[in-house]
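# Architecture and fold: a report
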Amino acid sequence: MMNLGGIIPAYQTATYLRTLPSIRERCGRVHDLAKAAKLEYFDYDPEKEIDVAKFCISLMKRDYGDDFTNINPHGRWRHLDAGIERVQPLITKWAAHPTNAPDFKEEARRLIDLFVVSVLLDAGAGNAWKYAETDSGLTFTRSEGLGVASMHMFESGLFSSDPNQPYRVDAAGLENVTAAKTATAMQVSESNPMVGIEGRASLLFNLSKALKASPQFFGTDGRPGNLIDFLETESKAEGSTRAVPIAALWTALVDGLNPIWPSRISLAGVSLGDVWPCPSLKASVANPAEGDDLVPFHKLTMWLTYSLVEVLEKNLKWRIYGVEDMTGLPEYRNGGLLVDFGVLTLKPDALPKDPKSGLPHAVPSHPAIVEWRAMTVIELDRIADLIRSQLGLSASQLTLAQVLEGATWKGGREIAKLKRPETGGPPIEIESDGTVF
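Residues numbered from 1 in each chain as written. Predicted model: local features only at pLDDT ≥ 70, side-chain atom pairs only at ≥ 80, totals over all residues. Heavy atoms only, no water.

### Comments concerning the overall build of the chain
For the chain, the count of helices and strands is 18 helices and 15 strands. Its C-alpha atoms give the chain a radius of gyration of 21 Å, within 12% of the compact-globule value 22 Å for 437 residues. Reported as C-alpha extents along the three principal axes, the dimensions of the chain are approximately 65 × 55 × 45 Å. Among the 437 residues that make up the chain, the fraction classed as buried is 57%. Contacts in the chain between residues far apart in sequence, at least 24 positions, make up 74% of those at least 6 positions apart. Accessible surface, the chain as shown: approximately 17,600 Å² in total, 53% of it carbon and sulfur. (Helix = DSSP H or I, 4+ residues; strand = E, 2+ residues; numbered from the N terminus. Rg over C-alpha atoms; globule rule 2.2 N^0.38 Å. Buried < 20%, exposed > 50% of the residue type's maximum accessible area, 1.4 Å probe, protein only. Contact = heavy atoms within 4.5 Å. Areas by Shrake-Rupley, 256 points an atom, 1.4 Å probe, with all protein chains shown as cover.)

### Some details on the sheet that holds strand β12 (residues 319-321)
What the three strands build is an open sheet, ordered β6-β7-β12; its pairing is mixed. In the strand order of this sheet, the two ends are held by β6 (236-238) and β12, each with one partner. Recorded for the sheet is a direction-independent mean angle of 35 degrees between the axes of neighbouring strands. Pairing geometry for β6 and strand β7 (residues 241-245), over three bridges, is antiparallel. Bridge pairing in β7 links Lys236 to Ala243. Sheet strands in contact with helix α13 (residues 246-256) are β7 and β12, and its direction is about 60 degrees off that of β7. (Pairing = 2+ DSSP bridges. Axes fitted to C-alpha atoms, helices over the stretch in contact; angles between N-to-C directions.)

### A word on the side chain of Ser214
One can find Ser214 in the loop between α10 (197-213) and α11 (215-218). Among the residues examined, Ser214 registers a relative accessible area of 9% and is labelled buried. Not counting residues up to four positions away in its chain, the partners in contact with Ser214 are Gly219 and Gly256.

### Some points on helix α12 (residues 227-234)
All buried positions along α12 are accounted for by Leu227, Ile228, Phe230 and Leu231. The buried residues of α12 occupy one face: seen down the axis, they fall within an arc of 155 degrees. Structurally, α12 contributes buried residues whose contacts are with α6 (104-120), α11, β7, α13 and α15 (299-314). (Arc of directions from axis to C-beta.)

### Notes on the pairing of β7
A loop of two residues connects β6 with β7, the two strands running antiparallel in sequence, and Gly239 in this loop sits at a positive phi of about 65 degrees. The sheet contact formed by β7 and β12 spans three bridges and is parallel. Considered in β12, the bridge of Pro245 is made with Tyr321.

### Considering the layout of surface pockets
Counted as a void, the largest pocket has a volume near 630 Å³. Lining the largest pocket are 25 residues; nearest its centre among them are Gly126, Asn127, Val195, Glu429 and Ile430. Taken together, the residues of the lining of the largest pocket break down into eleven nonpolar, eight polar and six charged. Approximately 530 Å³ is the volume found for the second largest pocket. What lines the second largest pocket is a set of 22 residues, and nearest its centre among them are Tyr306, Val323, Thr399, Leu400 and Ala401. (1 Å grid on protein atoms, 1.4 Å probe; cavity = no way out; pocket = protein on both sides within 12 Å on 5 of 7 lines; lining within 4 Å. Points joined across faces, edges and corners; volume = space filled by probe spheres on them. Nonpolar A, V, L, I, M, F, W, Y, C, P; charged D, E, K, R; others polar.)

### Section: helix α3 (residues 49-64)
Taking 1.5 Å as the rise per residue, α3 with 16 residues should run 22 Å; its terminal C-alpha atoms sit 22 Å apart, in good agreement. Every buried residue belonging to α3 is among Glu49, Val52, Ala53, Phe55, Cys56, Ile57, Leu59 and Met60, and all of these are buried. (Expected span 1.5 Å × (residues − 1).)

### Some thoughts on the confidence of the model for the chain
Per-residue confidence for the chain averages 93 on the pLDDT scale, and 97% of its residues sit at or above 70. Scored below 50 in pLDDT, residues 1-6 makes eleven contacts in the model with residues more than four places away or belonging to other chains. (pLDDT = per-residue confidence, 0-100.)

Next up, the structure:
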């Protein structure tokens, strides 16, 4: 990795790998290797992409008719409203408070508080866990279950240090969250097991430390919702509203929340987060410098960014610009869609098979999973382009966030249920610790 002055310093590389543009750029390098049949673990068949696009379009037409431009963006809001609306009724309830009705900014702060903890609790729960909602009588699994559970945890004041204001998240409140409290709130038991409960609880405890460590983003009371005050200082007036660069939100999340992630890979003393080595990438570089083999994903941060952009746009009416730098989410639903349709095929005996399910399995750091995720990022761009071209829509008429929501994520889940009806799980099993997926 050269520049005019010679080798790029490792610290500069580390800083770059935590930016939005680095994700697509590094994943693009892996995709280039796939086109040259130089991946270590996967074969790539681009001719199958049209099959994925057509399947996705069939789901979009089934669920939205021809009203594609009104598909909601991919974000945590959808899961919090699983089965019935919960977010808007909560906002209405706040507004009706006789003495403490929030203004628009406080309303947005509360929603950001909720969405931040909810996303951090959203790593895969496994195939066995479910959540029964008392009020509605509905039962949920996976992301919807985690979302609905987190909503009730928030409403109960579990994350707040203020007994008179349950609807907030702050550092002092999070310090009191334990694995036992989290398990109880999520109805975890021997007969209702959840993957990664300790990892989830430690993320929340680490969040309290992160909030206190970055008052420039989260205020002196260490509250996620205080992000809007930081973003306002980074914005510019635009008529009666504000225009906010996506890079400001991304920086606040990627830097401000960095302490919460388990210490994995560091480069030049910088903890990188969801960034992993890819041996096939390293092998493709003649004289690799330190960090040239690393591929950034920042999946949970990206998922959180999508979720918070919706609050900023919908509730504050702010305009967020630069969102084209955001990528699709490299997780097992989007990635599973590609494997189940044969766009990506795991090479024979590339991974060990689980004796119970018979499916290949690996930990998130395994090079096969890194290749799979990198390919998923670029393939989501390509599938989105194919869907748009088939429907005659532009990228502004059908955004990547809408494609993720109405097509690929849903498509990955639905094809999994068709192919593996007993579990509905992905075609490659990832051994989650509750902090990556």
